[in-house]
Structures are given as structure tokens and as C-alpha cells.
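# Observations on the model geometry
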Amino acid sequence: MSASATTGLHTGQPRSRVDGHAKVTGAAKYAAEFTASGLLHGVVVSSPIAKGRITKLDITAAMAVPGVVEVFTHQNRMRTAWRNAKFQDEVAPPGAPFRALYDDKIVYSGQPIALVVAETFELARYVATLVHAEYDIEAPSTDLRAVRGSAYVPSKKRSGINPPPKPRGDAPGVLADSQIRVDAEYYQPAEYHNPMEPHASTVIWEGGGKITVHDKTQGVGNTQAYITNVFGLKKDDVHVVAPYMGGGFGSGLRPQYQLYLTVLATLQLERSVRVVLTRDQMFTFGHRPETIQTVSFSARQDGTVTAIRHEAIAETSTFEDYQEVVVNWTGLTTSCENVELDYKLVQLDRYTPADMRAPGAPTGQFAFESALDEMSYKLGIDPIELRLRNYAETDENQGLPHTSKALRDAYRLGAEKFGWAGRNPQPRSTCEGHELVGWGTATGAWDAQMQKTSASATLTPDGKLTVATASADIGTGTYTILTQLAADALGLSMEAVTTKLGDTDLPFSPLEGGSWTAASAGSAVQAACCKVRSALLGFAQEMPSSPFKDVTLDQVDFKEGRLVLRNNPGIGVAYGDIMQASGLEQIHMEESAARDPAVQKTHASYTHSAVFAEVRVDEELGTVRVTRIVNAICAGRILNPKTARSQIIGGVVFGIGMALHEEALDDSKIGRFMNHNFAEYHIPVNADIQDIEVIFVDEPDDMTSPIGVKGLGEIGICGTAAAIANAVYHATGRRVRDLPITIDKLL
Ligand code: MOS
């Protein structure tokens, strides 16, 4: 069935979330809300030191309190898997994954050293303060700038490493001979995901070695595989159920240590246990890595970019080589014959960084899109015009054509909506009241991916349809778009369709990440529904004196719960009647969908955006307000403009946070992020957000996925911080290359 086959009443239309009612009434259950009789509560004790050894861990006082069931430490925990490979989840980078309560070694500040389990949460929280630890402290290394000289290129042989493309042309030679150059260094601090829902696991002891696991996760399959590998359990004994998630942004891709601790306590005590991390403890695992970037590039007077060198040095932990894709975007969005992209890592005494909303893209784009903006002033060429003159028709990194790329339209439509033509190119040229007004722009890009996913579709004689896949809805609207696709595939109302997600008993789905779920789960659901359509026609043909006897699928429609002849819609039969005639209680079909492997080899597939930002800067106070953003998005087919718009707004807000607020501040003397709370780690609040306009550019794409979808969400943050930084320059004439752009940097 082609994409157009299900463009119908619902798909492509703005629809409210089908799970909205459940969410606002509290009926939607999150990991820490599941319960069981006799549920125990665990509280994690964290290390205040970043490096060294535990020399003494005294739990006597804690264990003496009535109501305390156990205090787990590295000294009394059960045995778990020994090999590193057993701890490596679906998206683990190369190395030795962190193991909580493994031994006496401390490798980062905030590392869990004990889990107190008690009859009540309050008791566990109190008793956690009675666990007495002494340490042999070593000096930690967490100052990226101080140790950048130790940067190394991670081995490309291991999977999970994303090396930059090979150099093309002669960038160093051309740069050396160039008169018109921009050479600059950019800084991205560590950032934390800060989802509203903290990480939590509730593990129910079902008896006989079986457990039901409710985990905050972006993929129940990843959680299940981690548990079976680490604890040596059978798949059938580990049922993972996680129907809702209060925001992930990547923090729920890898199993976090509270999952390990909760399962461990449950298995050892043979009782149900819940562990919820505190907001402070949400700053004790993966984060967007602190990154230093250097950009050198040259251009001719007419704006043609002649050579680019872009290097990133990012932190990783001492135990894993985490690598994002930071510099590749530069080679993707700008056409250039001489390009050298480089990416190195530095080991710090911190937890391994983690994917965080469009990992690497907004970081790399902040640097290069800022550098392009600098060049536009040097040359006196409008920033959009400069980008158009260097428009990359193909993916020059891989030497492949795009499945679709409507970025030119995004520049045009975004500029029109924003009023870009009215921009005075001169910095500091616009003042309103006591504020300088600035306009800036930047380009964003992100992967358009599809991953192999399975789904089922079950039709019952009452005309109700249930579609299901193990995938998550991390808040993006997955329940809603799958319901729309299924309803249209079988000509039903959305109310007649139930979508089930987040359960390992459902057909396989990979993690919900990388903005690939709409394309992947959506195609799988559609494929399963198409099998139901074929089955319905087949059974209808067997009915006595059937009008469908010699009819093929493309001669029928599935409308309002009936199979009808396309050229004579008056002739038809209700699904219930077809099933009754064949004595069927249900029609249940399962199908998988994956990207065409041929397209994978011959084409590149990305989403793009053109971001336009207006800022107002009070120079006396150093304050910046983002008063207007227009984000023109090229993401193929949009299944639901309402939830899609919400995704982009969320991404833009994240981008405003990246530009102006977010920064995990490290005290390198003790190797600890100090602002581990919402009072001191700033994220945008309502007062920081003003006008955000989203445009979806028409971009037909029949290669990325069978349903024409390229994916959304992460593209919303891409390029946003760069556009804001460029607007700040236009307003003030000051180029801030260190994020975030805080008051002190403008005074
Ligand atoms: Mo995303 S950072 O793949 O959840």
C-alpha cells in the first residue's frame, strides 16, 4: 500500500492527543506510580567524591533502624554478570559500562555507593543519611580546557563510534593561501536533559523468579535485554511495561543505574521495590558533553566557501568512548571542495556523556553557523544569500544525493514570514526604547532515519481495531499518529482504534530515539493494517454470491467500517458481517517494516530547518530576550500538524535554553557539577518564551520511509542556538562564542 493510500480523514490533519485525557486526569501511569502489596522503597546514597576508593562503609547505624530491610553495598550485593558485553545495551558506546555497587572504586562524583531499602520512602530517605562512608581521595580531572592536550581519536574499529568523513581536497593548503578567513573557537558546556519525570523503576516480584518491570525508558526492549543479560534471567521472566514517559530527550535511551539497583534489590529480597532518583541525582548520569570546537574557513569575495576545517574536542568518561556527530553537519550543509573534519575525545572523571536531543547537531551547528555569520559581515553578503551561494545539492560527506531536500524553500518561506528583507545589515542599527534589537539566522540539519519495527493490528467484529508495537511514546505524540494512520488504513473513526505501546509482550520495536519512531512504527502499523485489508477482502470473496469475487485490492475501499467497491460504493459489506460469515472472532495480523536497503546505499536522508531569531538586548543590564522565532522545517510528510508543531516548539525552547540558560557548572577542584538543581541550573520558563512560529515546508519524500515521513522533534533544536547567537551579534556587535550567552558575557 502506498503512502497516498492512507492519506485520509485523519492522517495529515491536526488532531489532539489521544492520550491527553489520560494524562491530565492522572490515569496515565508512570514508572514510579505502579505499585504492589508490600512495596518497598529504595533510596540511593551518592558519593560526594569524584575519584578514589571507599575505605570504610559502615551500615550498622542504618540497619539498626526498625523498618529498614537492607542496605545494599558493593560488599553484600548479589553476583551479577561479569563480562562487560553483558552490560552493553542497544546504544552503549565502546568500553566498559558503569556498574553500580561494583567495587570500592569511585569514578565520578555522584556515583551510587549504597541503596537503602525500607518499608516506607520517608524512612529510607532518613536512613540514607546514616550510611557512613570514608574515602581515600584522589585528585579528579574534570577541567576540559586544562587537559585538552590529551585529546585522542577513538578507535574507529569499534561499533558505536561515528567518525567524521575522510578529508576531501586540501583544506590546510587552501586555508594557508586565503586572505578572507574566519578562525574562531566555540564552547559548549555540559547540559542535562532535565525531563519533568525523574528516573524511576518499580519492580514487582511476581514469585517464582518472575518480575514485572516499570521503568522510565525510551525502549522496553532495551530495558528487558539489559536485565536478562546482567542478571542472567530468561526473557519470559522479565516483563517490562512502560506505557508513558514524562520526557526523555535521550536520558532514557540507556538503562540507568536506578534500574540495576531496583532489580537487584527485588531479586535479592524477593519483594517488590521502587527507586526514584531525586532531582539532584538526575545530575549524576549522562549529559550533553562539554565540547570545545575550532573552526577555520575561507571564502572568496563573492561568498564562495573555499576551505573548511572544523575540529571538536569533547569529554568522555574514563570507562567509555562516547562520541556524538558534531562536525559532520558542517560538511553536509555547506558545499565545499576542501574540507577537513576532526573529532577527538578527552577522558574526564565524570559519568559517560549521553545522547541529548539531536546529540551533536546543535553543538556543531552553533559553531559553524556562527562562523558563517561572521563571514557574512566580513564579505558584506546577507547571511541567507551566503548560505544559498554555498547550497549543498548533495551530501558531499558521503557523495550521495538526498532523498529530498527542500531547504531552499525553507529559507524563502521562513524569510518571508519573518520579514527578513527589512533587515538593516548593520549591527547595532536598531534600537527600541533602551533595548537593541537584532535579527539572526542559522541552518539546522538532523538525520531522517527509519529502523526495522514490527506491529500488529487486530480487528474485531464490532468494528474496533487495536494496533500495537513495543515502541514508546516519550511524549512526542506516537499514540496519536499511530491511531490516525490505523484509522485511515481501515476507514474507521479514531475512537474505534486503540493503540498499545511500551510493553515487551508487543511486537518488537527498537528504542524511541533519533526522531525515527514516526517513520518506523508508523510504517509498521500501516503494513499490519494492510494485511488486515487483504484478509478482509479474501474473506469477503468467500461469502455466498460475493460482489467481490473477481475484485483486487485496488478496486476496493475501506470506508466507515465497510469494504466497498471503489467504482460503486453503494455495494459493500460491514467488517463484522465478513467476519461473522467466516466464523472469525478476530483478524489478527503482524508485519514488519524497514527502510529499503537499496535506498540506504544510494541516498542520504536528512531533515533541515531555517531558523530566524529576533532578540532584544538591554545593554545596561546585559539581559537578552528572544522575542521572536520563525522555524521553517523540512521533514517530509507531516502526519499531525498539531503534535508536530508542539515538537518543534519544544525543540526551539530547548534551543533557547542552550543559547541563554543551560550550563552544568563544574568545580574542578572536587570534580563535581555544583548547580545540580532547578534553582541554579537554569532552563527556560514561560516568561522566557514569546513568539514561536513553525512552518512545515512541503517536501515529498518517497524513499525515507514507506509512509513519506522523515521524522520530527530533534530538528527543532538544531540551529536554534546559533540563530540566537547571530541575532545577539546583530543587536550588539558582540560575538559570544561561549554558550550560554549569559549577562556577564554582554556587560
Ligand atoms: Mo534522542 S537524544 O535519540 O532521545
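Residues numbered from 1 in each chain as written. Predicted model: local features only at pLDDT ≥ 70, side-chain atom pairs only at ≥ 80, totals over all residues. Heavy atoms only, no water.

The subject of this paragraph is the state of the cysteines. Per the stated rule, a full pass over the model turns up 0 disulfides. With no disulfide of its own, C718 lies closest to C634 among cysteine sulfurs, the gap being 12 Å. We classify C718 as buried; its relative accessible area is 0%. (Disulfide = S-S within 2.5 Å. Buried < 20%, exposed > 50% of the residue type's maximum accessible area, 1.4 Å probe, protein only.)

Quick look at unusual backbone geometry now. Here the bond from L739 into P740 is cis, since omega is -10 degrees, no more than 30 degrees from zero. Here P740 lies in the loop between α16 (720–732) and α17 (743–746). For F249, which is not a glycine, the phi torsion comes out positive at approximately 60 degrees. Position of F249 among the secondary structure elements: in the loop between β10 (238–240) and α6 (257–269). Unlike most non-glycine residues, E270 shows phi in positive territory, near 55 degrees. (Helix = DSSP H or I, 4+ residues; strand = E, 2+ residues; numbered from the N terminus.)

Right, let's talk about helix α10 (residues 407–418) for a bit. Taking 1.5 Å as the rise per residue, α10 with 12 residues should run 16 Å; its terminal C-alpha atoms sit 16 Å apart, in good agreement. Of all the residues in α10, the buried ones are L407, A410, Y411, G414, A415 and F418. Angularly, the buried residues of α10 cover 120 degrees about the axis, an arc narrow enough to put them on a single face. Buried residues in α10 make contact with α9 (383–389), β18 (435–447), β26 (606–618), β27 (623–634) and β30 (691–696). Two residues or fewer past α10, G419 is found with a positive phi of approximately 85 degrees. (Expected span 1.5 Å × (residues − 1). Arc of directions from axis to C-beta. Contact = heavy atoms within 4.5 Å.)

Read from one edge of the open sheet, 3 strands run β22-β23-β24, paired in antiparallel fashion. Looking at strand neighbours, the two that pair on one side only are β22 (556–559) and β24 (568–574), the edges of this open sheet. Taking the axes of each pair of neighbouring strands and ignoring which way they run, one obtains an average angle of 30 degrees across the sheet. Judged from the 4 bridges that link them, β22 and strand β23 (residues 562–565) form a sheet pairing that is antiparallel. By the bridge assignment for β23, D557 is matched with V564. (Pairing = 2+ DSSP bridges. Axes fitted to C-alpha atoms, helices over the stretch in contact; angles between N-to-C directions.)

Turning to the nonpolar core, a few remarks are in order. Nonpolar side chains in soluble globular proteins tend to end up buried together. In this structure, F297, V615 and I724 are the most contacted members of the largest nonpolar core, which totals 75 residues. Once residues within four sequence positions are removed from consideration, I724 is found in contact with A613, V615, V626, I629, G655, I656, A659 and L660. The next biggest cluster of nonpolar side chains, apart from the first, holds 51 residues, and it includes A487, V497, A540 and I587. (Core = buried A, V, L, I, M, F, W, Y, C linked by side-chain atoms within 4.5 Å.)

Quick look at the packing of helix α5 (residues 220–231) against α6 now. Each packed pair of helices is defined by two parameters, the angle between the axes and the distance between the axes. Contact pair α5 / α6: the axes reach a minimum separation of 11 Å and the direction vectors enclose 55 degrees. With respect to α6, the element α5 is oriented oblique. For the pair α5 and α6, the sense of crossing is right-handed. Of the residues in α6, those touching α5 at T223, Y226, I227, V230 and F231 are L259, Y260, V263, L264 and L267. Taken together, the residues of the contact of α5 with α6 sort by class into 9 nonpolar, 1 polar and no charged. (Parallel < 35°, antiparallel > 145°, perpendicular 65-115°, else oblique. Left-handed = near helix turned anticlockwise from the far one by under 90°. Nonpolar A, V, L, I, M, F, W, Y, C, P; charged D, E, K, R; others polar.)

Spatial strand order, β21-β20-β19-β25: 4 strands in an open sheet with mixed pairing. Edge strands, defined here as strands with exactly one partner in the open sheet, are β21 (497–500) and β25 (587–593). Each strand axis lies, on average, 15 degrees off the axis of its neighbour in the sheet, ignoring direction. Pairing analysis gives 7 bridges linking strand β19 (residues 453–459) to β25, with the strands arranged antiparallel.

Now for the packing of helix α15 (residues 641–660) against α16. Interhelical geometry of α15 versus α16 gives an angle of 50 degrees and a closest axis separation of 8 Å. Here α15 lies oblique to α16, going by the angle between them. Considering how the two elements wind past one another, α15 and α16 form a crossing that is right-handed. Contacts between α15 and α16 involve V652, G655, I656, M658, A659 and L660 on the former and, on the latter, T720, A721 and I724. Taken together, the residues that form the contact of α15 with α16 break down as 7 nonpolar, 2 polar and no charged.

This brings us to the pattern of salt bridges. Counting across every chain of the model gives 37 salt bridges. Of the charged contacts in the structure, one is a salt bridge between R53 and D104, with a shortest N-O distance of 2.7 Å. Residue R53 is located in strand β2 (residues 52–58), and its partner D104 is located in the loop between β3 (68–72) and β4 (105–106); the two are separated by 51 residues in the primary sequence. A salt bridge links E290 to R350; its shortest N-O distance comes to 2.9 Å. Pair noted here: E290 is in the loop between β11 (273–276) and β12 (291–299) and R350 is in the loop between β14 (339–347) and α8 (361–379), with a separation of 60 residues, a long-range link. Neither E290 nor R350 differs from the other in exposure class; each is buried. (Salt bridge = Lys/Arg side-chain N within 4 Å of Asp/Glu carboxyl O.)

Here the focus is the domain arrangement of the protein chain. By a widely used convention, the size of an interface equals the accessible area lost when the partners come together. Taken domain by domain, the protein chain comprises domain 1 (34–139 + 196–247 + 252–283), domain 2 (149–191 + 287–449 + 601–745) and domain 3 (451–594). With both sides pooled, the region where domain 1 packs onto domain 2 buries about 1800 Å², and carbon together with sulfur makes up 59% of that total. When the area that domain 1 buries against domain 2 is broken down by residue, the three leading residues are P93, P94 and F283, summing to 33%. Counting across the interface, domain 1 meets domain 2 through 1 salt bridge. Note that E320 and R254 form a salt bridge whose closest N and O atoms lie 2.8 Å from each other. Taken together, the links from domain 1 to domain 2 amount to 5 residue pairs in polar contact (both at pLDDT 80 or more). Class assignment of the residues belonging to the side of domain 1 that touches domain 2 gives a composition of 11 nonpolar, 5 polar and 4 charged. (Domains from an automatic or database assignment. Buried area = accessible area lost by both parts, 1.4 Å probe. Polar contact = N/O pair within 3.5 Å; in protein donor to acceptor, adjacent residues only side chain to side chain.)

As a further point, take the confidence of the model for the protein chain. The share of residues in the protein chain with pLDDT of 70 or more is 99%, and the mean pLDDT across the chain is 97. Confidence drops under a pLDDT of 50 for residues 1–6, and excluding neighbours within four residues, the segment shows 18 contacts in the predicted structure. (pLDDT = per-residue confidence, 0-100.)

For the rest of this paragraph, the subject is the side chain of D373. For D373, the location among the structural elements is in helix α8. What makes D373 buried here is its relative accessible area of 1%. In contact with D373, other than residues within four places in its own chain, are P383, R387, N726, Y729 and R735.

Right, let's talk about the environment of L746 for a bit. Tracing the backbone through its elements, the reader meets L746 in helix α17. What makes L746 buried here is its relative accessible area of 3%. Considering only alpha carbons, one finds L746 and T623, 123 residues apart in sequence, at a separation of 7.9 Å. Those residues in contact with L746 that sit more than four places away from it in its chain are V617, G622, V624, V728, R734, V736 and I741.

Moving on, we come to the packing of aromatic side chains. Taken as a whole, this structure holds 25 aromatic pairs when the rule is applied. Measuring from ring centre to ring centre gives 5.4 Å for Y244 and Y479, while their planes differ by 35 degrees; the resulting arrangement is tilted. Of this pair, Y244 sits in the loop between β10 and α6 while Y479 sits in helix α11 (residues 478–489); the two residues are 235 residues apart in sequence, bridging distant segments of the chain. We classify Y244 as buried; its relative accessible area is 16%. Relative accessible area serves as the criterion here: at 6%, Y479 is assigned to the buried category. Both rings, one in F283 and one in Y681, keep their centres 5.4 Å apart while their planes meet at 65 degrees; by these two values the pair is edge-to-face. With a gap of 398 residues between them, F283 in the loop between β11 and β12 and Y681 in the loop between β29 (672–673) and β30 connect regions that are remote in the sequence. Among the aromatic residues, ring-to-ring pairing joins F87, Y226, F231 and Y260 into one connected group. One cation-aromatic arrangement involves R99 over Y102; the distance from NZ or CZ to the ring centre is 4.8 Å. Between the NZ or CZ atom of R145 and the centre of the ring of Y187, over which it lies, the distance is 3.9 Å. (Phe/Tyr/Trp six-rings, centres within 6.5 Å; stacked < 30°, edge-to-face > 60°. Lys NZ or Arg CZ within 6 Å of the ring centre and 35° of its normal.)

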